Amino acid sequence: MNYGFTNILQLLGSLGVFLFGMKVMSDALLLLAGNKMRSILARMTSNRVYGITTGFLITSVIQSSSATTLMVVSFANAGLLTLVESVGVIMGANIGTTITAWLITILGFKVSMSAIALPLVGLGFALTFLKKEQIKNLGNFIVGFALLFIGLQFLKEAMPDINSNPEMLEFLSKYTDLGYLSILLFLLIGTVLTVVVQSSSATMALTLIMTAQGWIPFEMAAAMVLGENVGTTITANLAAIIGNFRAKQTARAHLIFNIIGVLWMLVLFYPFLRMISWLAIETGSESPYVSAAAIPVAISLFHTVFNITNTFLLAWFMHPIARLVQRLVPEKVSLEKEIDEPKFLSKDALSYPETLISALTNETKYLFKNAIFEIVSHALNIHREDIKSQEKVKSVVKRSTTKFETDVRQLYTIKVKSIYGEIIRYATKAQTELKLTEDENNRILELKVANRKMVEILKYVLELSRNLRLYLDSDNELIQKEYNKLRNKMVKVLRMIYLFRTEYDNISYHNKLVKLKKQSKDSIIVSNKKIDELIRNDLITVDMASSLFNDQNNVNKIIENFIEVADLIYGQYDPLLLMDNNGQNGAK
């Protein structure tokens with residue numbers, strides 16, 4: 001056998017050039033069209049047809065089913081896609097990945113790209129020196145595209161020549177004439193090869209080259225393609241290991257969908273291949289059973305027809321597949337994190353702007369309703385359940401006389417400070433490291449503002465709580481009454497914010513909040529007159545009046561900040577719908 005260690009290294013190097021070209025091309029396409037593709041996910045996943053179309057379009061454009069699947073897993077992990085929506089996109093991605101096989105077949109075997117590949121590298125490299133980011137990305141795409149076919153040419157040259165190595169053909173023939181056992185063996189080879197190189201496109205290229213050079217027959221090549229369909233699911237399943245149950249469910253759905261397709265294809269394997277042979281002849285090609293040169297086209301045809309048929313058949317069973325996955329990967333209650341640990345922020349959230357904005361929004365909401373709302377309520381000596389109830393506000397305030405002895409400063413240190421710091425850190429990191437659209441950057445700025453205002457609320461509440469403890473126990477009933485009025489104003493706003501964030505149709509509550517904000521400002525003059533009157537009549541001391549003046553301002557600032565925070569984080573923003581080009585805002 002005239003094939004030594006040096007030849008093996010050349011084969012591996014050729015595969016490396018091919019994979020590098022694929023990566024450069026795919027990364028450049030993601031930069032060129034990634035924002036558009038991710039925004040499409042928001043608009044076209046509401047039903048099975050839209051979901052499949054979305055998966056097909058994204059994979060066709062970015063030329064990587066793995067990148068599409070990782071995107072879907074990340075979005076599912078962040079709760080931006082449901083399991084059924086994710087399954088639809090993955091089905092479409094399986095069809096979209098067949099475009100790569102046709103590119104390799106047509107441009108790698110039917111047309112010689114070697115003559116223009118190197119000039120394309122020169123052109124693409126020159127474009128990377130230009131200032132405009134989109135032109136640079138286009139240059140990288142051209143370089144990757146050219147390297148892909150340079151690598152393919154190297155692979156064809158590095159593959160052992162069958163005429164010079166008849167003993168290798170004799171060795172392979174022992175494993176290609178075992179009937180269904182051969183099919184299962186080559187299916188396993190296709191799976192393992194795809195898992196090892198982490199690219200179904202690279203395995204497809206190797207399969208096409210082996211068939212074109214006569215190493216394996218049509219049937220074994222088709223079996224390898226089925227193996228590639230199983231092996232390509234490993235990327236998503238590896239990525240989902242560190243994800244939550246949603247990410248794991250999405251990855252398992254990908255695996256189950258592809259395995260079901262392989263199983264029914266194994267049952268109909270030979271009749272299906274005869275149908276593909278007939279289709280190839282009808283479209284002007286030779287039969288893959290007669291000519292080795294015709295096998296690449298037939299394999300690409302098999303890859304496409306199989307994935308389209310599999311998607312069409314299983315699209316009607318999306319919900320049963322989803323239920324099966326939910327049984328295999330049941331929803332898990334997350335382990336209770338420490339009180340000062342972020343609940344949604346993680347390194348995975350920084351994968352895409354959409355996942356990061358979703359995590360920041362969820363973390364901010366969690367901080368608001370579980371820390372800020374509680375601290376403020378208890379500082380007012382009122383239970384949160386009373387605020388959420390339908391009992392009249394005056395009645396709640398009147399009977400809430402038990403002192404909670406709330407230490408606002410300590411609660412801020414324990415429940416807020418660390419998480420607030422992490423929110424700001426992740427937000428700043430995203431603005432530095434991620435390519436954000438103007439609207440995405442503005443949304444992150446808004447969330448930073450919302451968090452800063454929550455901290456300001458606690459600063460004002462700290463000052464207010466001291467005087468509440470002092471004067472609610474005072475023998476002076478008039479000062480008690482004035483401070484109960486302040487509590488009354490606060491409880492009204494807190495209750496309205498609770499309704500604003502929990503009711504689906506919350507526009508009316510938003511309008512009421514705006515009205516309360518205006519009333520709070522307008523009441524300052526009336527309240528000041530009332531305090532002046534109390535001083536003139538010696539009904540309260542100067543110290544009481546001074547505290548009351550300050551706390552009126554504190555309450556108004558608290559109310560103003562509360563309403564602004566509620567508007568910023570509960571204004572029905574969808575991180576997937578933030579537009580990326582025309583400057584329109586994604587808020588409803």
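These numbers come from a predicted model, not from an experiment. (Residues numbered from 1 in each chain as written. Predicted model: local features only at pLDDT ≥ 70, side-chain atom pairs only at ≥ 80, totals over all residues. Heavy atoms only, no water.)

### Section: the overall build of the protein chain
Going by this rule: Secondary structure elements follow DSSP: runs of H or I no shorter than four residues count as helices, runs of E no shorter than two count as strands, and numbering proceeds from the N terminus. By definition in these notes, contact holds between two residues if any of their heavy atoms fall within 4.5 Å. Accessible surface is estimated by sampling points in the Shrake-Rupley manner with a 1.4 Å probe; for residues, cover comes only from the protein chains shown.
Per the secondary structure count, the protein chain includes 24 helices and zero strands. Within the protein chain, counting contacts between residues at least 6 apart in sequence, those at least 24 apart form 77% of the total. Split by element, the accessible area of the protein chain, about 27,500 Å² in all, is 59% carbon and sulfur.

### Points about the nonpolar core
Definition in use: Definition of nonpolar core: a set of buried residues of the types Ala, Val, Leu, Ile, Met, Phe, Trp, Tyr and Cys, connected through side-chain atoms within 4.5 Å. Residue burial is assigned from relative accessible area. The probe radius is 1.4 Å, only protein chains are included, and a residue is buried under 20% of its type maximum, exposed over 50%, and partly exposed in between.
Core analysis: the largest hydrophobic core is formed by 74 residues, its most contacted members being L356, L360, V376, Y483 and F562. Of all elements in the fold, only α17 (353-379), α19 (393-399), α20 (408-433), α21 (438-471), α22 (477-502), α23 (507-536) and α24 (542-570) reach the threshold of two or more residues within this core. Beyond its immediate chain neighbours, meaning those up to four positions away, L360 contacts L345, I423, Y426, A427, I444 and L447. Of all hydrophobic cores here, the second largest spans 54 residues; its members include F149, M220, I299 and F306.

### Considering helix α11 (residues 218-231)
Put simply, the test is: Expected helix span is taken as 1.5 Å per residue step, with the number of steps being one fewer than the number of residues.
Its 14 residues give α11 an end-to-end C-alpha distance of 20 Å, which sits within 8% of 20 Å, the value for a rise of 1.5 Å per residue. By the criterion of burial, α11 is predominantly enclosed, with 14 of the 14 residues buried.

### Observations regarding the packing of α22 against α23
Put simply, the rule is: Throughout, an axis means a line fitted to C-alpha atoms (over the contacting stretch in the case of helices), and angles, computed between N-to-C directions, take values from 0 to 180 degrees. Every angle not falling under 35 degrees, over 145, or within 65 to 115 is termed oblique; those three ranges are roughly parallel, roughly antiparallel and roughly perpendicular.
Axis separation between α22 and α23 bottoms out at 10 Å; the angle between their running directions is 170°. One element, α22, and the other, α23, form an angle in the roughly antiparallel class. For the pair formed by α22 and α23, the contact residues are L478, E482, K489, K492, V493, M496, I497, L499 and F500 on the first element and Y509, H510, K512, L513, L516, S520, S523, K530 and L534 on the second.

### Remarks on the pattern of salt bridges
Stated precisely, the cut-off is as follows: We define a salt bridge as a contact between a side-chain nitrogen of Lys or Arg and a carboxyl oxygen of Asp or Glu at a distance within 4 Å.
Under the definition given, this model contains eleven salt bridges. Residue K435 is joined to E133 by a salt bridge in which the shortest nitrogen-to-oxygen separation is 3.6 Å. Of this pair, K435 sits in the loop between α20 and α21 while E133 sits in helix α7 (residues 133-158), and the two are 302 residues apart along the sequence. Residue classification places K435 among the partly exposed positions, given a relative accessible area of 48%. Here K415 makes a salt bridge to E374, at a shortest N to O gap of 2.5 Å. Of the two residues, K415 is situated in helix α20 and E374 in helix α17; the sequence distance between them amounts to 41 residues. A single burial state applies to K415 and to E374, both of which are buried. Salt bridges here are not isolated pairs; linked through shared partners, they connect D386, E391 and R399.

### Overview of the confidence of the model for the protein chain
Here is the rule: In predicted models, pLDDT denotes the confidence assigned by the predictor to each residue on a 0 to 100 scale.
Across the protein chain, the average pLDDT comes to 80, with 88% of residues at or above 70. This stretch, residues 573-588, has a pLDDT under 50; its non-local contacts, to residues over four places away or in other chains, come to 43 contacts.

### What about the packing of aromatic side chains?
Cut-off, in case you're wondering: Pairing of aromatic side chains requires ring centres within 6.5 Å, counting the rings of Phe and Tyr and the six-membered ring of Trp. Pairs whose planes differ by under 30 degrees are stacked, by over 60 edge-to-face, and all others tilted.
This structure, assessed with the given rule, holds 13 aromatic pairs. Taking the centre distance of 5.0 Å and the plane angle of 90° together, the rings of F125 and F129 count as edge-to-face. Residue classification places F129 among the exposed positions, given a relative accessible area of 60%. Judged by centre distance (6.0 Å) and plane angle (35°), the rings of F141 and F145 are tilted. Taken together, the residues span about one helical turn, with F141 and F145 both in helix α7 at a distance of four residues. With a relative accessible area of 18%, F145 lands in the buried category.

### Some words on the packing of helix α10 (residues 200-212) against helix α15 (residues 295-314)
Heads up, the rule is: As a working rule, the residues Ala, Val, Leu, Ile, Met, Phe, Trp, Tyr, Cys and Pro are called nonpolar, Asp, Glu, Lys and Arg charged, and the rest polar, with Gly in that last group.
Running from N to C, α10 and α15 cross one another at 140°; their axes reach a closest spacing of 8 Å. Contacts from M204, L208, T211 and A212 of α10 reach α15 at I295, P296, I299, S300 and H303. Here the contact of α10 with α15 is built from residues that sort into six nonpolar, three polar and no charged.

### Concerning unusual backbone geometry
One non-glycine residue, N381, lies in the positive phi region at around 65°. When you line up the elements, N381 lands in the loop between α17 and α18 (384-388). The buried category is assigned to N381, whose relative accessible area is 7%.

### Things to note about empty space enclosed by the protein
Threshold: Cavities and pockets are defined on a 1 Å grid built over the protein atoms alone: a cavity is a set of grid points where a 1.4 Å probe fits but cannot escape, while a pocket is an open set with protein on both sides within 12 Å along at least five of seven lines, and lining residues are those with an atom within 4 Å of any such point. Grid points are joined across faces, edges and corners, and a volume is the space filled by probe spheres set on the points.
Overall, the coordinates contain three cavities of 30 Å³ or more when judged by the stated rule. In this model, the largest cavity occupies a volume close to 120 Å³. Residue lining of the largest cavity: 14 residues in total, with S65, T97, S200, N229 and H303 positioned closest to the centre. At the level of secondary structure, the elements contributing two or more residues to the lining of the largest cavity comprise α5 (98-110), α10, α11 and α15. It is α10 that contributes the most residues to the lining of the largest cavity, three residues altogether. Among the residues making up the lining of the largest cavity, the classes are represented as two nonpolar, eleven polar and one charged. By volume, the second largest cavity amounts to about 40 Å³. Around the second largest cavity, the lining residues are H378, A379, N381, E405, T406, S465, L468 and R469.

### A closer look at a nonpolar patch on the surface
Test applied: Only residues whose relative accessible area exceeds 30% and that form no salt bridge are eligible for patches; like-charged ones are grouped when within 9 Å, while nonpolar side chains (Val, Leu, Ile, Met, Phe, Trp, Tyr) are grouped when within 5 Å.
A cluster of nonpolar side chains, contributed by F5, I8, L9 and L12, occupies part of the molecular surface with about 420 Å² of accessible area. The class for F5 is exposed, based on a relative accessible area of 61%.

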